[in-house]
Amino acid sequence: MSEPRRPTPQPGILDIAAYLPGKSGAPGSGAIKLSANESPLGASPRAVEAFAASAAQLQVYPEGSSRLLREALGEVHGIDPASIVCGNGSDDLLHLLAQAYLGPGDEAVMSRYGFSVYPIVTRAAGAKIVMVEERDYSADVDALLAAVTAHTKVVWLANPNNPTGTYLDAAAVARLHAGLRPDILLVIDSAYAEYVTAEDYADGLELARTQPNVVMVRTFSKIGLAAARIGWMVGPGHVVDTLHRIRGPFNVNLPAQLAGAAAARDVAFTRRLSEHNARWRDWITAELRASSNRMRVVPSQANFVMVLFEDAETAASAFEALAQAGYIVREIGASYGIANGLRISIGAEAAMRRVAEVLKSTVPAK
């Protein structure tokens, strides 16, 4: 029997593997979620207050361009609010960039273990993703440049990268940009910039402010406002104009705009979050490295660590042991092809100490 006639999606859409979010524990289980890189300290109290106050205005459309949010970001980061586009999470902006600058016959270049949304938005636009091998789980500038062809229109770079936590220093990013044709858009995704402690890091803001083919994308999701879905992008005027033409007319809701503006200005809270993260990221890295030669913690500049085990079976055993102890971490085999790895978000002190205990007992040294 033949298939019934029905609407069909564009070619390639059904070849896209849907995004796999981090797992949560069963409702009522009390499991602690360390799978989605969320803030262990909650949200900025100022953001919570602003969000609650917006309840009195729920009947009103939000201001279409997120002006108050853009003004707060401009104030805090020293940039012209007119150079900022806000979105319903940074994923929204990545989709818009792909829609605007990629199409059938085009190519987008990314590193092998880059953020899994990049292939989704690229293929949804009808373009081809070109995967480039990494050097020890870090983006390889020379390999990325070698992968560029006449069909390349976009280069996606997560810096620091998810799920590896590795980063390129400012000089390496500048070299990558210098090696690209002026008609190729370099998208620097700095979702974890607030957590970087490396002194040679740059978030891409200066390149985005000064170069006609660079944008920097950021998010509020990792600093306490994941539920609000707020992303922002800085770029040259012609890119900003393009995205304003195709974004949703009210793509950031009013509670999110107000909460985001308050969170942006609460630099003391963001600093406290960053300091907590640095302390426990470095602690668990050192603790696991010292405890077992069967676990490798990849150096991270994000708010998570990637732990590599000797094989996929050991990684699965570690995941299950953590789940039994009440901690849900991120399996990265299906979504990133790192079957022997787990990504563990940095949580509260008690969570980090218990995670280390479980892993040390489950994967002891040989």
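Located above this text is the structure these notes cover.
Just so it is clear, the structure is predicted and the values come from calculations on it, not from any experiment. (Residues numbered from 1 in each chain as written. Predicted model: local features only at pLDDT ≥ 70, side-chain atom pairs only at ≥ 80, totals over all residues. Heavy atoms only, no water.)

Points about the sheet that holds strand 13 (residues 341-345)
And step 1. Reading across the sheet, the 4 strands line up as 9-10-13-12 and stay open at both edges, with antiparallel pairing between neighbours. In this open sheet, the two strands that pair with only one neighbour each are strand 9 (295-298) and strand 12 (330-331).
And step 2. Two elements, strand 10 (residues 304-309) and strand 13, share 5 bridges in a ladder whose sense is antiparallel. Across the sheet, V305 pairs through a bridge with I344, a residue of strand 13.
And step 3. Of the strands in this sheet, strand 9 and strand 10 are in contact with helix 10 (residues 267-291), which crosses strand 9 at around 155°. (Pairing = 2+ DSSP bridges. Helix = DSSP H or I, 4+ residues; strand = E, 2+ residues; numbered from the N terminus. Contact = heavy atoms within 4.5 Å. Axes fitted to C-alpha atoms, helices over the stretch in contact; angles between N-to-C directions.)

Observations concerning the packing of aromatic side chains
And step 1. In this structure the tally under the stated criterion is 7 aromatic pairs.
And step 2. Centre to centre, the rings of F115 and Y118 are 5.6 Å apart; their planes meet at 90°, and the pair counts as edge-to-face.
And step 3. Judged by its relative accessible area of 9%, F115 is buried.
And step 4. Centroid distance W280 to W283: 5.3 Å. Interplanar angle 65°. Geometry classified as edge-to-face. With W280 and W283 both in helix 10 and 3 residues apart, the pair spans about one turn of that helix.
And step 5. An aromatic cluster of three or more residues is present, and its members are F115, Y118 and W156.
And step 6. A cation over a ring is seen here: R343 above F304, with NZ or CZ 5.5 Å from the ring centre. (Phe/Tyr/Trp six-rings, centres within 6.5 Å; stacked < 30°, edge-to-face > 60°. Buried < 20%, exposed > 50% of the residue type's maximum accessible area, 1.4 Å probe, protein only. Lys NZ or Arg CZ within 6 Å of the ring centre and 35° of its normal.)

Notes on the packing of helix 2 (residues 67-77) against helix 9 (residues 254-265)
And step 1. Taken N-terminus to C-terminus, the directions of helix 2 and helix 9 make an angle of 10°; their axes are 8 Å apart at the nearest point. The angle between helix 2 and helix 9 falls in the class roughly parallel. Across from R67, L68, L69, E71, A72, L73, E75 and V76 in helix 2, the residues of helix 9 making contact are Q257, L258, G260, A261, A264 and R265. (Parallel < 35°, antiparallel > 145°, perpendicular 65-115°, else oblique.)

Re the pairing of strand 13
And step 1. Across the 5 residues of strand 13, 5 count as buried, placing the element largely inside the fold.
And step 2. The two faces of strand 13 match: G341, R343 and S345 on one face and L342 and I344 on the other face are all buried.

Some points on helix 9
And step 1. Here helix 9 contains 12 residues, and its C-alpha end-to-end distance of 17 Å stays within 8% of the 16 Å for a straight helix at 1.5 Å per residue.
And step 2. The element helix 9 is extensively covered by neighbouring structure, given that 10 of its 12 residues are classed as buried.
And step 3. Next to the buried residues of helix 9 lie helix 1 (45-53), helix 2 and helix 10.
And step 4. Here helix 9 starts with a cap whose side-chain oxygen sits 2.8 Å from the backbone nitrogen of A256, and that cap is N253. (Expected span 1.5 Å × (residues − 1). Polar contact = N/O pair within 3.5 Å; in protein donor to acceptor, adjacent residues only side chain to side chain.)

Quick look at unusual backbone geometry
And step 1. In the segment running from N159 into P160, the intervening peptide bond is cis, with an omega of 0°.
And step 2. N162 connects to P163 through a cis peptide bond whose omega is 20°.
And step 3. In this fold, P163 is placed in the loop between strand 5 (152-158) and helix 6 (170-178).
And step 4. Even without being glycine, N37 reaches a positive phi, approximately 60°.
And step 5. Its location among the elements puts N37 in the loop between strand 1 (32-33) and helix 1.
And step 6. Residue class for N37 comes out buried when judged on its relative accessible area of 1%.
And step 7. Although it is not a glycine, D136 sits at a positive phi angle of roughly 50°.
And step 8. Here D136 shows up in the loop between strand 4 (128-132) and helix 5 (141-146).

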